[in-house]
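This is what each chain is made of:
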Amino acid sequence: MTIHFRRAGSGEPLVLIHGIGHRHQAWEPVFDRLTAHHEVIALDLPGFGNSPVPSTGMPADMAATVAGVLPALTEWGLERPHVAGYSLGGAIALELAATGAVASATALSPAGFFTPAERRRALAILRTLRANSYLPTPIMRVALRSAYLRALCFAPLMARPRLLDVERALGDALALRRGPGFNAVARAARDYRFDCQRLHDATVPVTIGWGDCDRIFGVHQAERVRVGLPAARVVTLPRCGHVPMSDDPDLVAALILETTGAVPRAPERPDPSASRVRKSPHS
């Protein structure tokens, strides 16, 4: 299996894992903040970004996905690195924590806490975004020069899409279009649900961050994490969407670095959304 990655910095290793249809550049807003404390490796999952589909085909389920990532960590000389991920990558981070293969895990809006209806809705949004990315590239480039159109196109993923510049917006759209692993991963998600019991005996620090403006996996899903993983730290990220690194890089970087122990943990402030989440009819 060939996995493309970007590696920089020094210190304890930290691996960054993106979501379905994305690429390692999703971490660019926080990359330099993290390399100030860690050796950071941001990877392209197989079938996404510049990583090809494995010769044996795409992994059929989450267990196979995790089994495919572990050899890469060994090949890169990483022994129990810290790991952070969002969406699909967040689920992989939690699965790695459950195996004891990592020193800490930060999961942002992780997959696996949705109901079947919520999963179908999330995939429908992502498939619509992918269909829209098949416009001719020159037309997309011109359209994305408009701050209004960029905001319209990326609003399902980000709370503040106007912060995206044109080149990154176009690159993300092309990555979503070109990712040959998209359909296989979407199929594998049909039967996936994170087994909280697997993490009950884990001793590594685990933090889950959830954007309160997440339109892919609603923030009410964080309450299922609070119930299922009582030992985990669960933090609501204000004014953040499904890809929170783009909305508030300082907040996300601080959350990851607090989990790895690179910086002191900030005092907890009351989470006003927690009480609202508990009243959600979807939880």
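K.L.:
Quick one: what's the story with the overall build of the chain, residue by residue and with numbers?
P.N.:
A count of helical and extended segments in the chain gives twelve helices and seven strands. Here the C-alpha radius of gyration of the chain, 18 Å, is about what a compact globule of 283 residues would show, namely 19 Å. In terms of overall dimensions, the chain has C-alpha extents of about 50 × 45 × 40 Å along its principal axes. Counting every position in the chain, which comprises 283 residues, the buried fraction comes to 58%.

K.L.:
Just give me the short version of the side chain of Thr65, but keep the residues and values in it.
P.N.:
Considering the arrangement of structural elements, one finds Thr65 in helix H2 (residues 62-75). Taking the relative accessible area as the measure of exposure, Thr65 reaches 19% and is therefore buried.

K.L.:
Before we move on, can you summarise the packing of H2 against helix H3 (residues 88-99) with the specific residues and values?
P.N.:
Angle between the axes and distance between the axes are the two parameters that describe a pair of packed helices. Running from N to C, H2 and H3 cross one another at 75°; their axes reach a closest spacing of 10 Å. One way to sum up the angle between H2 and H3 is to call them roughly perpendicular. Between H2 and H3, the residues in contact are Met62, Thr65, Val66 and Leu70 and Leu88, Ala91, Ile92, Glu95 and Leu96, respectively.

K.L.:
Would you mind going over the sheet that holds strand E4 (residues 82-86) in detail, with residue names and values included?
P.N.:
With mixed pairing, seven strands are arranged side by side in an open sheet as E1-E3-E2-E4-E5-E6-E7. Each having just a single partner strand, strand E1 (5-8) and strand E7 (233-237) make up the two edges of the open sheet. Strand-to-strand twist across the sheet, computed as the mean angle between neighbouring axes with direction ignored, equals 15°. In this structure, E1 lies alongside strand E3 (residues 39-43), joined through four bridges in antiparallel fashion. Bridging from a neighbouring strand, Arg7 pairs with Ile41 of E3. Docked against the sheet, H3 engages strand E2 (13-17), E4, strand E5 (104-108) and strand E6 (206-211), running at close to 150° with respect to E4.

K.L.:
Tell me about the pairing of E6, and please be specific about residues and values.
P.N.:
Counted residue by residue, E6 has six buried out of six residues, so it is predominantly covered. Of the two faces of E6, both are covered, the one formed by Val206, Ile208 and Trp210 as well as the one formed by Thr207, Gly209 and Gly211. Summarising the sheet, E5 and E6 pair through four bridges and their orientation is parallel. Among the inter-strand pairings, Thr106 is bridged to a residue of E6, identified as Thr207. Pairing analysis gives five bridges linking E6 to E7, with the strands arranged parallel. Looking at E7, one finds that Gly211 is bridged to Leu237. A crossover links E6 with its parallel partner E7, the connecting element being helix H9 (residues 221-228), and its sense is right-handed.

K.L.:
Explain the pairing of E3 residue by residue, including any values.
P.N.:
Here E3 lies mainly inside the structure; five of its five residues are buried. Side chains Glu39, Ile41 and Leu43 project from E3 onto one buried face, and the interleaved Val40 and Ala42 project onto a second face that is buried too. Relative to E3, E2 is paired through five bridges, and the arrangement is parallel. Directly across from Pro13, in E3, lies its bridge partner Glu39. Regarding the hand of the β-α-β motif, the stretch spanning E2, helix H1 (residues 28-35) and E3 is right-handed.

K.L.:
Quick rundown of the nonpolar core? Include the residues and the values.
P.N.:
For soluble globular proteins, nonpolar side chains are generally found buried alongside one another. Leu16, Trp27, Leu34, Val206, Ile208, Leu229 and Met245 are the most contacted members of the largest nonpolar core, which totals 88 residues. Sorting elements by how many residues they give to this core places H3 first, with eight residues. Residue contacts for Trp27: discarding those within four places in its chain leaves Leu16, Ile17, His18, Ala42, Ala84, Gly85, Tyr86, Leu108, Met245 and Ile256.

K.L.:
Describe the side chain of Ser109, and please don't skip the residues or the numbers.
P.N.:
Residue position: Ser109 is located in the loop between E5 and helix H4 (116-132). In terms of polar contacts, Ser109 uses its side chain to reach the side chain of Asp214, at 2.7 Å. Excluding residues that lie within four positions of it along the chain, Ser109 makes contacts with Ser87, Gly209, Trp210, Gly211, Asp214, Phe217 and His242.

K.L.:
An account of unusual backbone geometry is needed here, citing residue identities and associated values.
P.N.:
Its identity is not glycine, yet Ser87 carries a phi of approximately 55°, on the positive side. Along the chain, Ser87 turns up in the loop between E4 and H3. For Ser87, a relative accessible area of 5% corresponds to the buried category. Within the chain, Ser109 stands out as a residue other than glycine whose phi angle is a positive 45°.

K.L.:
If you had to explain the environment of Thr207 to someone new, which residues and values would you point to?
P.N.:
Locating Thr207 in the fold gives a position in strand E6. A relative accessible area of 3% places Thr207 in the buried class. When the C-alpha atoms of Thr207 and Glu258 are compared, they prove to be 9.1 Å apart, with 51 residues separating the residues in sequence. Each residue touching Thr207, except ones within four places of it in the same chain, is listed here: Ala105, Thr106, Ala107, Arg233, Leu255 and Thr259. Looking at Thr207, its side chain comes within polar contact range of the side chain of Thr259, at 2.8 Å.

Cut-offs and rules
The residue count restarts for each chain, going from 1 along the sequence in the order it is written. Local features in this predicted model are restricted to residues whose pLDDT is 70 or higher, and side-chain atom pairs enter the listing and the counts only when it is 80 or higher, whereas totals over whole chains, interfaces and linings include all residues. The side-chain figures draw on all heavy atoms in the structure; neither hydrogens nor water molecules are used. Secondary structure counts use DSSP, requiring at least four H or I residues in a row for a helix and at least two E residues in a row for a strand, with both numbered from the N terminus. Every radius of gyration here is taken over C-alpha atoms, with the globule rule written as 2.2 Å times N^0.38, N being the number of residues. Classification of residues uses two cut-offs on accessible area relative to the type maximum, computed with a 1.4 Å probe and protein chains only: under 20% is buried, over 50% is exposed, and between them is partly exposed. Only C-alpha atoms enter the line fits that serve as axes; for helices the fit covers just the stretch in contact. Angles between N-to-C directions range over 0 to 180 degrees. For classification, angles of less than 35 degrees are called roughly parallel, those exceeding 145 degrees roughly antiparallel, those between 65 and 115 degrees roughly perpendicular, and all remaining angles oblique. Pairs of residues are marked as contacts when any of their non-hydrogen atoms sit within 4.5 Å. DSSP bridges decide pairing: two strands pair if at least two such bridges lie between them. Seen with its strands pointing away from the viewer, a crossover is right-handed if its path from the first strand over the helix to the second goes clockwise. Note on terminology: a nonpolar core comprises buried Ala, Val, Leu, Ile, Met, Phe, Trp, Tyr and Cys residues joined through side-chain atoms within 4.5 Å. Each polar contact in these results corresponds to two N or O atoms within 3.5 Å; when the atoms are within protein, one needs to be able to donate a hydrogen and the other to accept it, and residues that are neighboring in sequence are counted only if both atoms are side-chain atoms.

By themselves, these are just geometric observations and shouldn't be taken as functional.
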